[in-house]
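# Residue-level structural notes
Listed below, chain by chain, are the residues.
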Amino acid sequence: MEAVRASAAWVASRSSHVTVDLQEIEKVVDKIQGNVPKVEWDFEGIHYFDNGPLTVQYLFVLDALNFCFWPDKDLSYDHLASGLKLALEKDKTALNADRLKNYTGPQLRQLLNWPRPLPIEEERVRLLHEVGLELERNFGDQAANLVKSAGNSAATLIELITRHFPGFRDHSLYKGHQVFLYKRAQIFVADLWGAFKGQNYGEFNDINSITIFADYIVPAVLRELGILKYGSNLSCSIDSNREIVPGSEEEVEIRACSIYAVEKMRDLIGKKFGKQLLSIDIDLWLWSCGVQNMALSHHRTLSIYY
Ligand SMILES: Nc1nc2c(c(CN[C@H]3C=C[C@H](O)[C@@H]3O)cn2[C@@H]2O[C@H](COP(=O)(O)O)[C@@H](O)[C@H]2O)c(=O)[nH]1
């Protein structure tokens, strides 16, 4: 994931709406003494898990739809995860490739037991079709085969996903440069690693190459910690829930600076405390703090990527 790390650093070095405060990173690192609180994967108890290929199919579909819940104030990621889990428990074929290819918006809502249209529902349906079609065309219908073909490499799996599934190509243009963020592709790898506890479908020999997943929760936590500082116009937009345009400098800076800040935090923990942490562990800690703090205001961008 060198492309993600390098392009995030490139943005951070030219950023004007968002600043990464290195002193605040140091304060946080000193405060926790380099010990990032361990958060269990599925601390919420919402995920489907059967230790086999159907779990991989579940996680891939979950992460194909893992974006933009905020436009409906009652909807959250938990509804998606537990909705898919329940659907699978009722009908093991619910996420088969041939079914994914054919879901309509109302059927998807019904599958998730959600009473009204989902945010950007047409895109969610289109992405489900894309997953079903491509799994059928190249991976014998199963996300488990996609994972197997990566040969225990997280970087290879992300490359395969972004090559075969255009909906996962989370990138932006910033000052003329292509910036790679790959939030949903990376989180899929992290979900496999977490769910299978680094074994079987979750075994990756380069798991440390993954960065954090630039969503709308982690930046809000980093801002709350004082690690990200926003300019006054951007602060004002976020605090008054004004939407941030997808692809705008502000949006790219928020996401890229979050990745960069956590990489700096991880480096510092290594240097000062001699601990080699994974960005995934820092991410899950920050994310779990964020979702438990209802008062946190986050940036609002309509996007299929996060
Ligand atoms: N950085 C980061 N972002 C994450 C996750 C997860 C869930 N990860 C699973 C892995 C282990 C746990 O047990 C979780 O179940 C979701 N999100 C993002 O949050 C936002 C949803 O927020 P709200 O609208 O409040 O539900 C949305 O952008 C969504 O894409 C994560 O881990 N890291």
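An unreviewed UniProt entry lists the chain under the name Queuosine 5'-phosphate N-glycosylase/hydrolase, from Urochloa decumbens. Annotation of the chain in UniProt includes, under Sequence similarities (unreviewed entry), the sentence "Belongs to the QNG1 protein family." Here is the UniProt Function (unreviewed entry) comment for the chain, exactly as written: "Catalyzes the hydrolysis of queuosine 5'-phosphate, releasing the nucleobase queuine (q). Is required for salvage of queuine from exogenous queuosine (Q) that is imported and then converted to queuosine 5'-phosphate intracellularly."

## Describing the overall build of the chain
Scanning the chain from terminus to terminus reveals 14 helices and four strands. Against the 2.2 N^0.38 benchmark of 19 Å for 306 residues, the chain shows a C-alpha radius of gyration of 19 Å, consistent with a compact globule. Oriented by its inertia axes, the alpha-carbon framework of the chain measures out at about 50 × 40 × 35 Å. Counting only residues that meet the buried cut, the chain has 56% of its 306 residues in that class. When contacts within the chain are restricted to residue pairs at least 6 apart in sequence, long-range pairs at least 24 apart make up 77% of them. Surface exposure of the chain reaches about 13,200 Å², of which carbon and sulfur atoms provide 51%. Counting 33 positive and 40 negative side-chain charges, the chain places the averaged centre of each group 1 Å from the other.

## Considerations on unusual backbone geometry
Positive phi, close to 40 degrees, is recorded for I120, a residue that is not glycine. Here I120 lies in the loop between α6 (105-111) and α7 (121-138). Residue classification places I120 among the partly exposed residues on the basis of a relative accessible area of 24%. Here the phi dihedral of D141 falls at roughly 75 degrees; this positive angle occurs in a residue that is not glycine. Structurally, the position occupied by D141 is in the loop between α7 and α8 (143-148). On the basis of relative accessibility, which here comes to 38%, the residue D141 falls in the partly exposed class.

## Examining the nonpolar core
Grouped burial of nonpolar side chains is what soluble globular proteins tend to show. The biggest cluster of nonpolar side chains holds 115 residues, and the ones touching the most others in it are F60, L157 and L192. With ten residues, helix α13 (residues 249-273) is the largest single contributor of residues to this core. Aside from chain neighbours lying at most four places away, what touches L192 is V56, L59, V147, L157, K197, Y201, G202 and F204.

Parameters and conventions
Residues numbered from 1 in each chain as written. Predicted model: local features only at pLDDT ≥ 70, side-chain atom pairs only at ≥ 80, totals over all residues. Heavy atoms only, no water. UniProt positions renumbered as here; feature names shortened; annotations may be inferred. Helix = DSSP H or I, 4+ residues; strand = E, 2+ residues; numbered from the N terminus. Rg over C-alpha atoms; globule rule 2.2 N^0.38 Å. Buried < 20%, exposed > 50% of the residue type's maximum accessible area, 1.4 Å probe, protein only. Contact = heavy atoms within 4.5 Å. Areas by Shrake-Rupley, 256 points an atom, 1.4 Å probe, with all protein chains shown as cover. Lys, Arg positive; Asp, Glu negative; His and termini not counted. Charge placed at Lys NZ, Arg CZ, Asp CG, Glu CD. Core = buried A, V, L, I, M, F, W, Y, C linked by side-chain atoms within 4.5 Å.

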